[in-house]
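# Chain and residue survey
These are the residues of each chain, in order.
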Amino acid sequence: MEIKKTITTIFMVPTLGIPRGELTNNGFINGYIKDARRDVQYEGVIYLLLRPKNLDKFREFLDSEYERTKNVIDDYDYEDGLIVIVYKLYPNFKPDFDLVKKGKYSKTSLDFQATFPTVVKIVKNGLHLDEVSLQYRIFNRSQDLISYWEKEFGMVFDHDQEVWRGFREEDEILTLDKMKENV
């Protein structure tokens, strides 16, 4: 089953500076702005849900994250091998995170956009290819995305219309149902 990535995962998780591949190697599932199962909610944070296959390797990763950054402020376990790591977001990007939450991706700052790669390496049919990153295409309203959505929706986009779905808070909150989907 393909897990639908949250807006938090697409636009906030990459700003944490976690070394490339480390999340994937440690069973990263998705990022969220809140955890509905917790009584205490932190401000200005995101919650990363993971299900690591190798707990020793995960412990090494988590220890290295605590050493790498002061932005890891909590971690806790749930049933079925699920683990949540809470990261404080960089406050200097708050205006950009607010724009993301309004679905105004192309209006984010150039400093914010620069934290995302322009090109990513992918494997397609066994071949290693370079592809323009999704975020870059969204920030720059790339013609291929505009054409895709115009065809998908049978409409013509106007010159300032965004090319990605909006931020729906209910999709961005970690709930028991979302955890069960990932078991």
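This section reports on the structure supplied with the text. If you're wondering where the values come from, they're calculated on a predicted model, not measured in any experiment.

So, how was this worked out
Residues numbered from 1 in each chain as written. Predicted model: local features only at pLDDT ≥ 70, side-chain atom pairs only at ≥ 80, totals over all residues. Heavy atoms only, no water. Helix = DSSP H or I, 4+ residues; strand = E, 2+ residues; numbered from the N terminus. Expected span 1.5 Å × (residues − 1). Buried < 20%, exposed > 50% of the residue type's maximum accessible area, 1.4 Å probe, protein only. Arc of directions from axis to C-beta. Contact = heavy atoms within 4.5 Å. Polar contact = N/O pair within 3.5 Å; in protein donor to acceptor, adjacent residues only side chain to side chain. Core = buried A, V, L, I, M, F, W, Y, C linked by side-chain atoms within 4.5 Å.

## Re helix 3 (residues 55–68)
Over its 14 residues, helix 3 runs 19 Å from end to end, which matches the ideal 20 Å to within 8%, given 1.5 Å per residue. The complete set of buried residues in helix 3 reads Phe58, Phe61, Leu62 and Glu65. Relative to the axis of helix 3, the buried residues are bounded by an arc of 95 degrees and lie together on one face. Turned more than 90 degrees away from the buried face of helix 3 sit Asp56, Glu60 and Glu67, all of them exposed. Elements that come into contact with the buried residues of helix 3 comprise helix 2 (22–25), strand 3 (45–50), strand 4 (72–77) and strand 5 (83–88). Sitting at the head of helix 3, Asn54 places a side-chain oxygen 3.0 Å from the backbone nitrogen of Asp56.

## Points about the nonpolar core
Core analysis: the largest hydrophobic core is formed by 36 residues, its most contacted members being Phe11, Met12, Leu23, Ile46, Leu48, Ile85 and Tyr87. Of all elements in the fold, only helix 1 (7–11), strand 3, helix 3, strand 5, helix 4 (94–101), helix 6 (134–139) and helix 7 (143–153) reach the threshold of two or more residues within this core. Excluding residues within four positions of it along the chain, Leu23 makes contact with Val13, Ile18, Phe28, Leu48, Leu50 and Phe61. Counting 12 residues, the second-largest nonpolar core is a separate cluster that includes Val45, Tyr47, Tyr76 and Leu174.

## With respect to the environment of Arg51
Structurally, Arg51 is set in the loop between strand 3 and helix 3. At 3.2 Å, the side chain of Arg51 and the backbone oxygen of Asp80 are in polar contact.

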